[in-house]
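Chain residues, written in single-letter form:
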Amino acid sequence: MTSMDISLKEMMTIDGSLGAAIVDHGSGMALGSLGSSKDLDLQVAAAGNTEVVKAKLRTMDSLGLKDAIEDILITLGTQYHIIRPISGRGGKGLFLYLALDRNRANLAMARHQLKTIEGRLEV
């Protein structure tokens, strides 16, 4: 099991990482983040991506889907944004958020590494 700080540092070691956050989707607040810049405000991204998660959960509920979100991928022209809800018992209502430089990232490896980080995270 790893702490939030260690998990954020591990997320930033993923090839192409621009920023990482652990977010409470109830409040939209980032509980921790690394890598903010003038081009990527992780507090704004945390709040905005909370709405993405809530919308998907509402849609799944409306459709009667009895399933869980593994991850949500948003592909931009120059970036990938990955949202991964934390599935462990202590992580209910939290998600990992990772922004990647599309030219430097290997999306399959990033998703695999994020899954591993999520599995070790102790909240």
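In the block above lies the structure referred to throughout.
## Here we look at the nonpolar core
- By size, the foremost hydrophobic cluster in this structure holds 17 residues, and its most contacted members are Met 11, Leu 96, Leu 98 and Leu 100.
- The contact partners of Leu 96, leaving out residues within four places of it in the chain, are Met 11, Ala 21, Ile 22, Ile 82, Ile 83, Arg 84, Ile 86, Leu 114, Glu 118 and Leu 121.
- Counting residues in each nonpolar core, the second largest holds 15 residues, with Leu 42, Ile 72, Phe 95 and Ala 99 among its members.

## A few points about the sheet that holds strand β4 (residues 79–85)
- Across the sheet, 5 strands lie side by side as β2-β1-β5-β4-β3; this open sheet has antiparallel pairing. Edge positions in the sheet fall to β2 (29–34) and β3 (72–75), since each of these pairs with one other strand and no more. Sheet twist, expressed as the mean angle between neighbouring strand axes with direction ignored, is 15°.
- Where strand β1 (residues 17–24) lies against strand β5 (residues 94–101), 7 bridges are found, and the strand directions are antiparallel. Within β5, the position partnered with Ala 20 by the bridge is Leu 98.
- On the sheet, helix α1 (residues 4–12) packs against β1, β2 and β5 and is oriented at approximately 150° with respect to β1.
- On the sheet, helix α3 (residues 107–120) packs against β3, β4 and β5 and is oriented at approximately 30° with respect to β4.

What counts and how
- Each residue is numbered by its place in its chain's sequence as written, counting from 1.
- For a predicted model such as this one, the threshold for reporting local features is a pLDDT of at least 70, and the threshold for listing and counting side-chain atom pairs is 80 or more; totals across whole chains, interfaces and linings nevertheless cover every residue.
- Calculated side-chain values reflect all of the structure's heavy atoms, with hydrogen atoms and water omitted.
- Throughout, nonpolar core names a set of buried Ala, Val, Leu, Ile, Met, Phe, Trp, Tyr and Cys residues whose side chains join them through atoms within 4.5 Å.
- Burial classification: accessible surface area is computed with a 1.4 Å probe over protein chains only, and a residue below 20% of its type maximum counts as buried, one above 50% as exposed, and the rest as partly exposed.
- By the convention used here, residues are in contact when the closest approach between their heavy atoms is within 4.5 Å.
- Only strands joined by at least two bridges in the DSSP assignment are considered to pair.
- Starting at the N terminus, helices and strands are each numbered in turn, a helix being any DSSP run of H or I of at least four residues and a strand any DSSP run of E of at least two.
- Note on geometry: axes are lines fitted to C-alpha atoms, helical ones only across the stretch in contact, with angles between N-to-C directions running from 0 to 180 degrees.

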